[in-house]
Amino acid sequence: MRSICVFCGSRPGVRPAYRAAAEFLGKTLAERGLELVYGGGNVGLMGAVADACLAAGGKVVGVIPRALMEWEVGHEGLSRLEVVDSMHTRKARMAELADGFIALPGGLGTFEELFEILTWAQLGFHSKPIALLNVDAYYQPLVQMMERGVGEGFMKAENRGLLLVEDNVFALLRAMGAYHPPAVGKRIRDEKQL
């Protein structure tokens, strides 16, 4: 892997552990020579992960829709900031730039990005590792919901296997490096559908 896309909140959350994890992840990516790709904002966990990566000498590429430049306060200090026309273009561009994906704590936007990239993997649009950094068990209810989806017959177990979950940055990066996508049956091969 050369680049990691991080999905995370444009707000900091109430627990100091969330910001600390974002900063530690950003610093660790820089130290390992991994480029950070993210949503381009300067606020919340988005700003924290980017600033920490930059401070440690890392390269950071932000991708932000023009309409969110003011709302998410587009980060002007990045290695590169790409301003795009829509949220759809943003997600497709981040997916194109990244060799893997990590979700830090966040809200609806983070959930949506995570589940879209998981759906793309399920459909065979990509075979890149996707992971949750489960800071202070933030994502435990989501993991349980996915397991319930398998138990209730709405998901195949191999599709649940598309998501790596760790509460430690080093363990998470090791798991991503060792990732082999599960066989998910018939796959769609037209990457233009991204």
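Our structure is the block above this text.
Heads up: these notes are all about the structure in this document. Please read these numbers as outputs of a predicted model, since none were measured by experiment.

1. Remarks on the overall build of the protein
Inference 1: Helices and strands together make up the secondary structure of the protein, namely seven helices and seven strands.
Inference 2: Here the C-alpha radius of gyration of the protein, 16 Å, is about what a compact globule of 194 residues would show, namely 16 Å.
Inference 3: Seen along its three principal axes, the alpha-carbon backbone of the protein occupies a region of about 45 × 35 × 30 Å.
Inference 4: Across the 194 residues of the protein, 48% fall into the buried class.
Inference 5: Considering only intrachain contacts with a sequence separation of at least 6, the fraction spanning at least 24 residues in the protein is 69%.
Inference 6: Summed over its atoms, the accessible surface of the protein is roughly 9600 Å², and 53% of this surface lies on carbon and sulfur atoms.
Inference 7: The distance from the centre of the 21 positive side-chain charges to the centre of the 22 negative ones in the protein is 4 Å.

2. Concerning the packing of aromatic side chains
Inference 1: Counted under the stated rule, the structure contains five aromatic pairs.
Inference 2: Seen from their ring centres, Tyr-18 and Tyr-138 are 5.7 Å apart, and the 75° between their planes marks the pair as edge-to-face. Of this pair, Tyr-18 sits in helix H1 (residues 16-31) while Tyr-138 sits in the loop between strand E6 (130-133) and helix H5 (140-151), placing them 120 residues apart in sequence.
Inference 3: Judged by centre distance (5.5 Å) and plane angle (85°), the ring pair of Phe-24 and Phe-170 falls under edge-to-face. Of this pair, Phe-24 sits in helix H1 while Phe-170 sits in helix H7 (residues 169-177); the two residues are 146 residues apart in sequence, bridging distant segments of the chain.
Inference 4: You can call Phe-24 partly exposed: its relative accessible area is 33%.

3. Things to note about the side chain of Asn-134
Inference 1: Within the fold, Asn-134 resides in the loop between E6 and H5.
Inference 2: A residue is classified by how much of its surface remains accessible, and Asn-134, at 7% relative accessible area, is buried.
Inference 3: Of the polar contacts made by the side chain of Asn-134, one reaches the backbone nitrogen of Tyr-139; its length is 2.6 Å.
Inference 4: Setting aside its immediate chain neighbours within four residues, Asn-134 contacts Tyr-139, Gln-140, Val-165, Glu-166 and Asp-167.

4. Regarding the nonpolar core
Inference 1: Ranked by size, the top nonpolar core spans 57 residues in total, and within it Val-6, Leu-36 and Ile-102 carry the most contacts.
Inference 2: Not counting residues within four places of it along the chain, the set of residues in contact with Leu-36 comprises Ile-4, Val-6, Leu-29, Val-49, Ala-50, Cys-53, Lys-59, Val-60 and Val-61.

5. Things to note about the pattern of salt bridges
Inference 1: In total, this model carries 11 salt bridges according to the counting rule given.
Inference 2: Between Arg-19 and Glu-23 there is a salt bridge, and its shortest N-O distance comes to 3.0 Å. Within this pair, Arg-19 and its partner Glu-23 are both found in helix H1, separated by four residues, close to a single helical turn.
Inference 3: With relative accessibility at 39%, the residue Arg-19 sits in the partly exposed group.
Inference 4: We classify Glu-23 as partly exposed; its relative accessible area is 32%.
Inference 5: The shortest N-O distance in the salt bridge between Glu-31 and Lys-27 comes to 2.7 Å. Note that Glu-31 and Lys-27 are positioned in helix H1 at a spacing of four residues, about one turn of the helix.
Inference 6: Judged by relative accessible area, Glu-31 falls into the exposed class, the value being 52%.

Conventions and cut-offs
Residues numbered from 1 in each chain as written. Predicted model: local features only at pLDDT ≥ 70, side-chain atom pairs only at ≥ 80, totals over all residues. Heavy atoms only, no water. Helix = DSSP H or I, 4+ residues; strand = E, 2+ residues; numbered from the N terminus. Rg over C-alpha atoms; globule rule 2.2 N^0.38 Å. Buried < 20%, exposed > 50% of the residue type's maximum accessible area, 1.4 Å probe, protein only. Contact = heavy atoms within 4.5 Å. Areas by Shrake-Rupley, 256 points an atom, 1.4 Å probe, with all protein chains shown as cover. Lys, Arg positive; Asp, Glu negative; His and termini not counted. Charge placed at Lys NZ, Arg CZ, Asp CG, Glu CD. Phe/Tyr/Trp six-rings, centres within 6.5 Å; stacked < 30°, edge-to-face > 60°. Polar contact = N/O pair within 3.5 Å; in protein donor to acceptor, adjacent residues only side chain to side chain. Core = buried A, V, L, I, M, F, W, Y, C linked by side-chain atoms within 4.5 Å. Salt bridge = Lys/Arg side-chain N within 4 Å of Asp/Glu carboxyl O.

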